[in-house]
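Chain by chain, the residues:
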Amino acid sequence: SAQEQTLGFQTEVKQLLHLMINSLYSNREIFLRELISNSADACDKLRYRALESDALYEGDPELRVEIEFDHDARTVTIRDNGIGMNREDVIANLGTIARSGTAEFLKQMSGEQQKDARLIGQFGVGFYSGFIVADEVVVRTRLAGTAQDQGVEWRSKGEGEFTIVDIERAAHGTEIVLHLKEDALEFADEHRLKGLVRKYSDHIEVPVRMPTVQESEDDTEVTVTWETVNEAQALWVRPRTEVTDDEYKAFYKHVAHDFSDPLTWSHNKVEGKLEYTSLLYVPSRAPFDLYQREGARGLKLYVQRVFIIDDAEQFLPLYLRFVKGVVDSNDLSLNVSREILQQDPQVEKMKGALTKRALDMLSKLSKDSDAYQNFWNQFGGVLKEGPAEDHSNREKIGGLLRFASTHTDTSAQNQSLADYVSRMKEGQQGIYYIIADSFNAARHSPHLEIFRKKGIEVLLLSDRIDEWLMTHFTEFDGKSLIDITRGDLDLGDIDSEEEKQAQQESAKAKEGLAERFREALGDQVQEVRVTHRLTESPACVVLPENEMGYQMRRLMEAAGQ
Ligand code: ADP
Ligand code: MG
């Protein structure tokens, strides 16, 4: 039955459509990139599914994307013979945004942020970008392998609702017709469209074709020849030297579903026992769900050029979950599944090597301090999970960490441990740090008094994760990391002999006072000691060497322990 149904967009979609049309207007040509990107994904998916059943090709195995325009009708059409969609898929994919946390995030966006195309871009709003140039969008599609009467037509003016109806459709795959807005007619033009395909979609592996129509001299015969407009070769297969920066950037946007340029990337071909190619990217901006358990993470996995799965999490540790990209293996089997990936020793080896690659890429990036600071501000909190998760790379991760410090006395986390070490005083026992609830609490801690007086640098830590980090990160460059609020503090050879003697004498003299405190405080404290740490405050509370810190206690309490 040609059951016609009009449905409302999910609230988030409505909001997003509205924001997108405004914030992306000046960059509206990207609609073509987004729709081609979706078509390419759909072809990838069909190729994968057809590994098991050739019949899904329905006799048309030559995957492709076609672009046509009609100047008089004011339309641009993007068509593919990929996987296609059934009615259910259409309603779910072209009516809602599945990503959890979206509504929450949209609600929290300020007016300024709403105009920021980069923020809007992180939703994978790809399909909806058609409405930036079109006042009506019509989608005709059929899921490969279903009967011809299972086709679906979806249409919408992008104003809150869409209509779907069952149709007959001979071809599987999807066709999207954009009815261009008055001010977007420039896109119904061969040169404009070809230019955009080359600019944005050269790296797409499936051929993107456009027709050339030739009329015979006497106007009686029309012949159409299809020309492939893009390079149509998987970008990661090409040698590094032949790929331009712009191509790497364009490919990133396709793979990562991001609108912003990446910060950096690393492209490597590995030969030998294990053969694979990897292309890893660091985004320039954290996705809003970076800390959500369900947030998308992982690499796009190919086996011998054939797309297998998105978001393969098994190739990188969690603390590198912000890394995007592609891994193409020559050794894995084409029918590999997520379950198999989890146990495969080859995958484990690749994970080790890719982790090193990613860390090296960050280490290279750190030579450019502005770019690295951008990275750190976005992803530093995630990298701090590293020492706990990945013991073998602790030292490397340590080199990538950045901290606030008494050296600069600002809250900016921009000092490396190597910098700290280079400023250490002769005889200094280790790398000193303090952890507090806020930067200001750390900076004004009475524990710092003696260090400031002696000109010894202390790292000022105040992120929620810092205590977790420091329980797993105890040494760097052969030097201990020392919490200045714990136990007995030995400033080592920095104190002169006379100072030490004076300290001992004053400790003796104040023993009576300490005894009175002990009596007064009773069970509330373990110990009362005369200290030489304080130069201004009369007293402070310290934790014994091996006790859990304040932040950890609070975390454990919150977790009901
Ligand atoms: P994303 O590509 O990031 O998933 P989009 O908004 O671009 O988000 O697309 C939403 C979804 O709609 C896709 O994930 C896909 O399931 C479906 N879709 C879009 N275009 C096509 C197409 N040409 N063929 C099949 N499915 C498509
Ligand atoms: Mg998309």
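Residues numbered from 1 in each chain as written. Chains lettered and ligands numbered in written order. Predicted model: local features only at pLDDT ≥ 70, side-chain atom pairs only at ≥ 80, totals over all residues.

Here's the deal with the overall build of the chain
Then, in step 1: Helix and strand counts for the chain stand at 21 helices and 19 strands.
Then, in step 2: On the principal axes, the C-alpha backbone points of the chain span a range of 115 × 55 × 40 Å.
Then, in step 3: Expressed as a percentage of its 561 residues, the buried residues of the chain come to 36%.
Then, in step 4: Within the chain, contacts between residues separated by at least 24 positions form 71% of all contacts whose residues are at least 6 apart in sequence. (Helix = DSSP H or I, 4+ residues; strand = E, 2+ residues; numbered from the N terminus. Buried ≥ 20, exposed ≤ 12 C-beta atoms within 10 Å, placed from the backbone. Contact = placed C-beta atoms within 7 Å.)

So, the sheet that holds strand 4 (residues 134–142)
Then, in step 1: Spatially, the nine strands line up as an open sheet ordered 1-6-5-4-7-3-2-8-9, and their pairing is mixed. Each edge of the sheet is formed by a strand with only one pairing partner; in this case those strands are strand 1 (5–8) and strand 9 (222–228). The sheet shows a mean angle of 20 degrees between the axes of neighbouring strands, direction not considered.
Then, in step 2: With six bridges joining them, strand 3 (residues 75–80) and strand 7 (residues 173–180) adopt antiparallel strand pairing. (Pairing = 2+ DSSP bridges. Axes fitted to C-alpha atoms, helices over the stretch in contact; angles between N-to-C directions.)

Quick notes on the sheet that holds strand 11 (residues 276–283)
Then, in step 1: The strand order across the open sheet built from five strands is 10-11-14-12-13, with neighbouring strands paired in mixed fashion. The sheet is open, and its two edges are formed by strand 10 (262–270) and strand 13 (306–312), each paired on a single side. For this sheet the average axis-to-axis angle between neighbouring strands, irrespective of direction, equals 15 degrees.

Some words on the environment of alanine 184
Then, in step 1: Turning to its location among the elements, alanine 184 is positioned in the loop between strand 7 and helix 8 (190–201).
Then, in step 2: Separated by 49 residues in the primary sequence, alanine 184 and aspartate 135 have C-alpha atoms spaced 9.9 Å apart.

Topic: the nonpolar core
Then, in step 1: Of all hydrophobic cores here, the largest spans 124 residues; its most connected members are Tyr433, Ile434, Val458 and Leu459.
Then, in step 2: In terms of residue count, helix 2 (residues 30–50) provides more of this core than any other element does, nine residues in total.
Then, in step 3: Those residues in contact with valine 458 that lie beyond four places of it in its chain are Ser405, Thr406, Tyr432, Tyr433, Ile434, Leu448, Phe451 and Ile484. (Core = buried A, V, L, I, M, F, W, Y, C linked by C-beta atoms within 7 Å.)

Description of the confidence of the model for the chain
Then, in step 1: Summary statistics for the chain give a mean pLDDT of 90 and a share of 94% for residues scoring 70 or more.
Then, in step 2: The complex prediction reports pTM at 0.85, with the ipTM value standing at 0.99. (pLDDT = per-residue confidence, 0-100.)

A look at the packing of helix 2 against helix 8
Then, in step 1: The contact between helix 2 and helix 8 brings their axes to 9 Å, and the two run at 65 degrees. Handedness of the crossing formed by helix 2 with helix 8: right-handed. Side by side, helix 2 and helix 8 meet where Leu32, Arg33 and Ile36 of the first sit next to Leu196, Tyr200 and Ser201 of the second.
Then, in step 2: Among the residues making up the contact of helix 2 with helix 8, the classes are represented as four nonpolar, one polar and one charged. (Left-handed = near helix turned anticlockwise from the far one by under 90°. Nonpolar A, V, L, I, M, F, W, Y, C, P; charged D, E, K, R; others polar.)

Digging into the environment of serine 23
Then, in step 1: Relative to the assigned elements, serine 23 resides in helix 1 (residues 11–23).
Then, in step 2: Judged by the 20 C-beta atoms lying within 10 Å of it, serine 23 falls in the buried class.
Then, in step 3: The sequence separation of serine 23 and arginine 118 amounts to 95 residues, and the corresponding C-alpha distance is 9.0 Å.

Observations regarding helix 9 (residues 245–256)
Then, in step 1: Taking 1.5 Å of rise per residue, the twelve residues of helix 9 would be expected to cover 16 Å, and the 16 Å separating its terminal C-alpha atoms lies within 8% of that figure.
Then, in step 2: Of all the positions in helix 9, only Tyr248, Ala250, Phe251, Tyr252, Lys253, His254, Val255 and Ala256 are classed as buried.
Then, in step 3: Turning to helix 9, the residues buried within the fold contact helix 2, helix 8, strand 10, strand 11, strand 12 (299–303) and strand 14 (324–329).
Then, in step 4: One or two residues past the end of helix 9 sits histidine 257, with phi positive at roughly 55 degrees. (Expected span 1.5 Å × (residues − 1).)

Side note on the pairing of strand 6 (residues 161–167)
Then, in step 1: As judged from the four bridges shared by strand 1 and strand 6, these two strands associate in the antiparallel manner. When the sheet's bridge partners are listed, glutamine 5 is paired in strand 6 with isoleucine 164.
Then, in step 2: Pairing between strand 5 (residues 151–156) and strand 6: six bridges, direction antiparallel. If you follow tryptophan 154 over to strand 6, its bridge partner there is isoleucine 164.
Then, in step 3: Following strand 5, the chain reverses through four residues before pairing antiparallel with strand 6; glycine 158 in that reversal takes a positive phi of roughly 70 degrees.

With respect to the environment of arginine 423
Then, in step 1: Within the secondary structure, arginine 423 is located in the loop between helix 15 (417–422) and strand 16 (430–435).
Then, in step 2: Arginine 423 gets classed as partly exposed once you count the C-beta atoms within 10 Å, which come to 14.
Then, in step 3: Spatially, the C-alpha atom of arginine 423 lies 8.9 Å from that of isoleucine 456, the residues being 33 residues apart in sequence.

Points about unusual backbone geometry
Then, in step 1: One non-glycine residue, arginine 305, lies in the positive phi region at around 75 degrees.
Then, in step 2: With respect to the element layout, arginine 305 can be found in the loop between strand 12 and strand 13.
Then, in step 3: For arginine 305, a count of 14 C-beta atoms within 10 Å gives the class partly exposed.
Then, in step 4: Within the chain, aspartate 311 stands out as a residue other than glycine whose phi angle is a positive 55 degrees.

Some details on helix 2
Then, in step 1: For helix 2, built from 21 residues, the straight-helix expectation of 30 Å at 1.5 Å per residue is met to within 8% by its first-to-last C-alpha distance of 30 Å.
Then, in step 2: Within helix 2, 17 of the 21 residues are buried, leaving the element largely enclosed by the surrounding structure.

Topic: the pairing of strand 10
Then, in step 1: One ladder, built from eight bridges, connects strand 10 with strand 11; its direction is antiparallel. Each bridged residue has a counterpart across the sheet, and for histidine 267 the counterpart in strand 11 is leucine 279.
Then, in step 2: With antiparallel pairing between neighbouring strands as the criterion, strand 10 and strand 11 make up a hairpin whose turn holds five residues, including glycine 272 at a positive phi of roughly 125 degrees.

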